[in-house]
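# Chain and residue survey
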Amino acid sequence: MSSYPDFSSQGYQVITELGRNREGGRITWLATDLNKFQQVVLKQFCFAQIGSNWSAYNAHEREIQVLQELNHPGIPRYLGAFETEDGFCLIQEYKNASTLAEPRSFQPEEIKQIAVKGLEILVYLQNRIPPVIHRDIKPENILVDDQLNVYLIDFGMSCFGSQEVSGSSVFKGTPGFIPPEQMRQPTLASDLYGLGATLICLLTGTKSTAIQNLTDNDDPYLINFRHLLPRLSLRFLNWLELMVQPSLKKRFTNAQTALEALKPLDVIRVPGVELSQSVLEFQATRLGERLTQTITVENPIPDTVLAGTWEVAPHLQDPPHTPNAHTWISVEPTKFTRDRTVCHIHVDSSKLMADKLYKRQLLLHTNAYPEIYPMTVRVQTAPLPIEKRKLPYAGLAALLSASAIASVFTTYFILPILYTKFMSLIAGIVAVWVVLIAWARMTNSFEAAEILVTVVIDVVSVALFIAVTRAVALAFAWALGDDIGIFVVIIAGSIAFTYAPFRLCMEFSEYSDTPKYTQDVSTAVLFLLTLALGTSIGIGSLVGFLDPYILSALAMTGLPLVTMLLYPPLRRRQLIAKYRQSEERLIKP
């Protein structure tokens with residue numbers, strides 16, 4: 001004969017016993033609904049049994065009242081109730097799941113899932129109007145099935161009366177799972193303490209009846225567990241400590257706040273990542289140069305090992321590549337598993353266009369949180385391999401004006417006195433030249449001794465130049481006639497008086513900080529053509545520009561000069577265009 005009660009007249013057949021609480025006079029049965037042929041849970045309240053008390057009757061009424069208003073997949077539904085000879089039975093939806101009080105093994109990540117789903121149930125309860133506070137959350141009152149679905153049970157007896165497994169007390173709740181304020185007035189944060197203590201039991205393998213072994217001797221509400229979980233994430237442990245803080249002010253205020261703080265956390269302790277720099281700047285000085293820089297990756301979290309893999313982020317201009325092989329960027333080592341690694345980033349600029357700025361991103365995939373750490377790479381390639389010659393346009397313009405004025409001055413003043421006042425002319429030229437050279441030298445902060453030596457050399461050179469000019473002019477006049485001699489004097493005078501600006505141009509181009517025009521044969525030709533053109537213009541202003549000799553002089557000096565001035569920039573543009581065409585096969589920024 002079966003020892004199970006007969007509820008067939010009420011339409012139910014008992015299958016097996018699920019639990020018993022003698023003090024509360026409550027027995028939980030697994031039964032079959034004979035009408036719907038589905039399994040249900042019967043909570044039988046036997047108030048006439050020896051050792052039971054009628055306080056559970058009030059809990060039964062409260063549980064029915066609460067369950068009738070709840071509709072959540074994590075809370076077994078209330079299906080009804082019926083009377084028995086010594087009490088009555090409460091009927092609930094059956095969930096094929098075991099309580100967390102039964103010995104089971106969960107991985108840390110699975111325990112996090114249980115915590116998340118448990119908090120979601122509490123969020124639902126706390127959003128009710130008025131909020132529902134369970135007040136007795138512990139492993140015995142949480143069911144978890146094989147798919148990690150979580151169910152919260154016992155909304156009357158466990159909250160407002162004695163407990164099914166652990167001993168009861170004058171206050172409602174189970175010692176070790178209730179916070180201090182529940183002795184006076186529970187709040188929304190009170191259920192968080194019980195859930196946190198339940199999670200500690202799961203993580204440490206502590207039975208619910210032994211949770212008090214983890215409490216502090218001086219404060220029975222302070223649970224010490226951190227030393228038992230050395231492999232868990234420090235941030236997760238901090239979160240769990242906030243869940244079971246005895247002080248209500250230090251605990252999470254409600255389930256929603258605790259849930260939002262938990263979701264982004266890793267349970268297993270993960271390493272950290274510290275990069276020595278987040279931006280790498282490369283500067284190439286020549287085409288095709290291979291550049292290298294280093295970056296240090298460190299893990300500051302103890303008892304963890306950092307593992308990382310470098311990858312160049314895809315870019316529209318880069319050819320398709322794999323994480324281990326990029327066209328022009330490489331990292332050594334590509335993979336590493338250690339807490340401090342010096343990585344070498346190589347850039348091959350031979351595949352890049354000249355005088356361009358390239359920006360790419362390196363991605364470090366790690367086992368840390370977050371998993372991906374970006375780093376910016378900037379590469380400035382070398383300038384174009386085409387010489388850019390700076391022409392002294394201002395100096396040439398000054399030389400052109402000075403030579404034109406000097407030729408007019410020579411014609412009017414020097415020519416008449418060439419044979420009578422030659423020494424006076426030399427003295428005047430030397431005086432003017434000394435002043436110009438001294439000023440040019442001193443503005444460049446040269447030493448006084450060097451200035452004196454340079455001035456003496458320049459004065460002597462001018463005197464010799466004019467003396468030779470006079471001798472040559474006399475020789476031409478005697479041999480070829482006075483007209484040729486006069487022309488030589490005019491040219492020589494122009495050269496003498498334009499020698500100063502010519503020297504000034506050379507001095508400033510040589511000693512100033514601005515790039516100077518290369519002083520080679522072409523430079524000398526450029527200055528001589530400018531000097532000759534200025535002289536031709538000066539003479540042409542006196543005798544007329546339609547004179548055949550003047551036209552010839554202007555053509556023979558002006559055309560070569562204009563060609564020399566325009567050809568370098570035009571040629572440079574042609575070379576640049578040609579070079580850019582050859583770069584079509586190269587990678588664009």
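Before reading on, note that the structure itself is shown above.
These notes cover the structure that comes with them. Being a predicted model, the structure only gives us computed values, none of them experimental. (Residues numbered from 1 in each chain as written. Predicted model: local features only at pLDDT ≥ 70, side-chain atom pairs only at ≥ 80, totals over all residues. Heavy atoms only, no water.)

## Topic: the packing of aromatic side chains
Across all of its chains, the model carries seven aromatic pairs by this definition. Ring pairing ties together the aromatic residues Phe7, Tyr12 and Phe82, which thus form one cluster. (Phe/Tyr/Trp six-rings, centres within 6.5 Å; stacked < 30°, edge-to-face > 60°.)

## Re the pairing of strand E11 (residues 290-298)
Two strands pair when backbone bridges link them, and strand E9 (residues 274-275) and E11 are joined in this way by two bridges, in the antiparallel orientation. Paired with Leu275 across the bridge in E11 is Val297. Two strands pair when backbone bridges link them, and E11 and strand E15 (residues 340-348) are joined in this way by nine bridges, in the antiparallel orientation. Residue pairing across strands places Val297 opposite Thr341, the latter belonging to E15. (Pairing = 2+ DSSP bridges. Helix = DSSP H or I, 4+ residues; strand = E, 2+ residues; numbered from the N terminus.)

## Quick look at the nonpolar core
Counting residues in hydrophobic clusters, the biggest one holds 59 residues, and the most contacted among them are Leu119, Leu122, Leu125, Phe155, Leu192, Trp239 and Met243. Counting residues per element, the ones that place at least two in this core are helix H1 (55-68), strand E5 (87-93), helix H2 (108-126), strand E7 (142-144), strand E8 (150-152), helix H4 (190-204), helix H5 (234-243) and helix H6 (255-262). Considering each element in turn, this core owes the most residues, 10 residues, to H2. Leu306, Cys343, Leu352 and Ala368 belong to the second-largest nonpolar core, a separate cluster that totals 30 residues. (Core = buried A, V, L, I, M, F, W, Y, C linked by side-chain atoms within 4.5 Å. Buried < 20%, exposed > 50% of the residue type's maximum accessible area, 1.4 Å probe, protein only.)

## Points about H6
Buried within H6 we find Ala255, Ala258, Leu259 and Leu262. Angularly, the buried residues of H6 cover 100 degrees about the axis, an arc narrow enough to put them on a single face. Looking at the buried side of H6, the elements it contacts are H2, H4 and H5. Two or three places before Gln256, at the opening of H6, Asn254 has a side-chain oxygen 3.2 Å from that residue's backbone nitrogen. (Arc of directions from axis to C-beta. Contact = heavy atoms within 4.5 Å. Polar contact = N/O pair within 3.5 Å; in protein donor to acceptor, adjacent residues only side chain to side chain.)

## Some words on the sheet that holds strand E13 (residues 329-332)
Read across the sheet, four strands follow the order E9-E11-E15-E13 without closing on themselves; strand pairing throughout is antiparallel. Sheet topology places E9 and E13 at the edges, where each strand pairs with a single neighbour.

## Structural notes on the packing of H2 against H6
Relative to each other, H2 and H6 sit at 155 degrees, their axes nearing to 8 Å. Considered as vectors, H2 and H6 are oriented roughly antiparallel to each other. Read as a crossing pair, H2 and H6 show a hand that is left-handed. Along the contact surface, H2 presents Lys112, Ala115, Val116, Leu119, Glu120, Leu122, Val123 and Gln126, while H6 presents Ala255, Gln256, Ala258, Leu259 and Leu262. The residue makeup of the contact of H2 with H6, split by class, is nine nonpolar, two polar and two charged. (Axes fitted to C-alpha atoms, helices over the stretch in contact; angles between N-to-C directions. Parallel < 35°, antiparallel > 145°, perpendicular 65-115°, else oblique. Left-handed = near helix turned anticlockwise from the far one by under 90°. Nonpolar A, V, L, I, M, F, W, Y, C, P; charged D, E, K, R; others polar.)

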